[in-house]
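A look at the structure
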Amino acid sequence: MRHSTLRQLQVFEAVARLKSFTRASEELFLTQPTASMQVKKLAEDVGLPLFEQIGKKIYLTDAGHELHRTCLAVFEHLDRFAMIASDMKGLKAGKLRLAVVTTAKYFASRLLGMFCQKYPGIEVALKVTNHERVLERLMSNQDDLYVLGQLPDEVDAVAEAFLDNPLVVLASARHPLAHVRDIPIERIGEEPFILREAGSGTRRATERFFSRHDLKLKVRMELGSNEAIKQAIIGGLGISVLSRHALALDTEAPRGQLIPLDVQGFPIERLWYYAYPSGKQLSLIAQAFLEYLQQAPRYLGGLSRHSIAGRPRPSRQGAGGGKAP
Ligand code: PGA
């Protein structure tokens with residue numbers, strides 16, 4: 001395998017983990033033919049097939065499983081070396097890899113901006129994706145730190161809440177309910193509703209909330225981003241439940257076009273957590289950024305109106321703690 005490259009191993013690892021060439025090429029910003037070619041060359045070097053295809057699904061062969069384990073060990077060693085090297089340089093150089101859920105990008109990029117100003121030599125990689133994908137990344141230890149809603153019990157991670165994440169019912173400012181006070185929840189069930197995609201934490205919290213109240217939503221459409229949902233609301237296609245953070249720092253939808261409705265039982269009180277796998281040793285850089293996250297309510301000015309300071313923070317190590325709301 002002298003001619004195999006680290007890139008080929010990275011592509012192979014992503015395909016093996018995600019069980020999909022399409023998802024691996026998306027993750028690595030490659031075209032699918034390029035990803036297939038890299039894996040094909042690697043299999044030629046190994047001299048054995050690495051995957052087998054049955055129907056539409058791909059499976060690792062025995063050689064594939066063995067190589068996947070080897071890849072994980074190699075990457076772990078390289079990561080450890082990179083961390084040692086960057087710790088040797090103090091906070092002057094090195095990399096911070098952060099993965100955050102879609103809704104957290106509104107404040108995470110702002111905090112990152114401040115952090116990079118203070119430590120200009122640090123390179124930052126920010127991955128923004130939905131709750132389910134961020135969890136997958138955490139469980140396969142792909143980044144330094146993660147920001148997401150509450151973790152399920154079975155995930156073995158250190159997680160701590162650091163900021164409020166209130167979910168509100170959003171409507172167009174021209175909606176007939178826009179200025180009605182104390183709207184009964186049942187009334188929301190009559191409105192066409194726009195839902196985030198499967199895998200979204202916002203969607204899961206919304207569905208749980210309405211099913212706890214024995215209410216079925218009249219789902220008109222599913223959209224894969226908060227931005228698309230806001231535009232659909234402004235376009236009069238329906239109402240939705242989104243984080244108040246998705247309204248802050250809004251550039252696309254000028255304030256005034258969207259309005260949080262005064263619905264009984266709202267906002268749904270959620271929290272943002274930072275997390276990392278239990279046992280992971282944080283680099284100096286990750287520790288420094290973690291301190292920024294802990295200070296988030298102070299740094300975020302207007303966004304921190306709902307700061308959790310002053311009430312007990314649910315915190316847990318490992319698999320303890322409550323179920324995700
Ligand atoms: P989402 O996550 O962006 O996947 O909806 C938000 C959350 O977990 O609260």
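Criteria and thresholds
- Residues numbered from 1 in each chain as written.
- Predicted model: local features only at pLDDT ≥ 70, side-chain atom pairs only at ≥ 80, totals over all residues.
- Heavy atoms only, no water.
- Buried < 20%, exposed > 50% of the residue type's maximum accessible area, 1.4 Å probe, protein only.
- Helix = DSSP H or I, 4+ residues; strand = E, 2+ residues; numbered from the N terminus.
- Pairing = 2+ DSSP bridges.
- Axes fitted to C-alpha atoms, helices over the stretch in contact; angles between N-to-C directions.
- Parallel < 35°, antiparallel > 145°, perpendicular 65-115°, else oblique.
- Left-handed = near helix turned anticlockwise from the far one by under 90°.
- Contact = heavy atoms within 4.5 Å.
- Nonpolar A, V, L, I, M, F, W, Y, C, P; charged D, E, K, R; others polar.
- Phe/Tyr/Trp six-rings, centres within 6.5 Å; stacked < 30°, edge-to-face > 60°.

Here we look at the pairing of strand β11 (residues 268-277)
Put simply, side chains in a regular strand alternate between the two faces of the sheet. Burial within β11 is extensive, with 9 of its 10 residues counted as buried. The pairing of strand β6 (residues 157-172) with β11 spans 10 bridges and is antiparallel. Its bridge partner lying in β11, V158 is registered against Y276.

Focus on the packing of helix α1 (residues 6-18) against helix α4 (residues 62-88)
Relative to each other, α1 and α4 sit at 120°, their axes nearing to 10 Å. Considered as vectors, α1 and α4 are oriented oblique to each other. As α1 runs across α4, the sense of the crossing is left-handed. Touching L6, L9, Q10, F12, E13, A16 and R17 of α1 are G64, L67, H68, C71, L72, F75 and L78, all from α4. Along the lines of polarity and charge, the residues of the contact of α1 with α4 split into 9 nonpolar, 3 polar and 2 charged.

As for the packing of helix α2 (residues 21-28) against helix α3 (residues 32-46)
Following both chains from N to C, one finds α2 and α3 inclined at 105°, their axes separated by 9 Å at the closest point. Comparing their axes, α3 and α2 come out roughly perpendicular. On α3, the residues that touch F21, T22 and S25 of α2 are Q32, A35, S36 and V39. When the residues that make up the contact of α2 with α3 are grouped by side-chain class, the tally is 3 nonpolar, 4 polar and no charged.

Quick word on the packing of aromatic side chains
Applying the stated rule across the entire model yields 13 aromatic pairs. Plain terms: the ring middles of F21 and F51 are 5.8 Å apart, the flat faces sit at 65° to each other, and that makes the pair edge-to-face. Taken as a pair, F21 in helix α2 and F51 in strand β1 (residues 51-54) lie far apart in primary sequence, 30 residues in all. A single burial state applies to F21 and to F51, both of which are buried. Look at F115 and Y292: their rings are 5.3 Å apart centre to centre, the planes differ by 85°, and that puts the pair in the edge-to-face class. Note that F115 is positioned in helix α5 (residues 105-118) and Y292 in helix α10 (residues 284-294), a separation of 177 residues in sequence. Y292 matches F115 in its accessibility class, with the two residues each being buried. Ring-pair connections join several aromatic residues into one group, and the members of that group are F107, F162, W272 and Y274.

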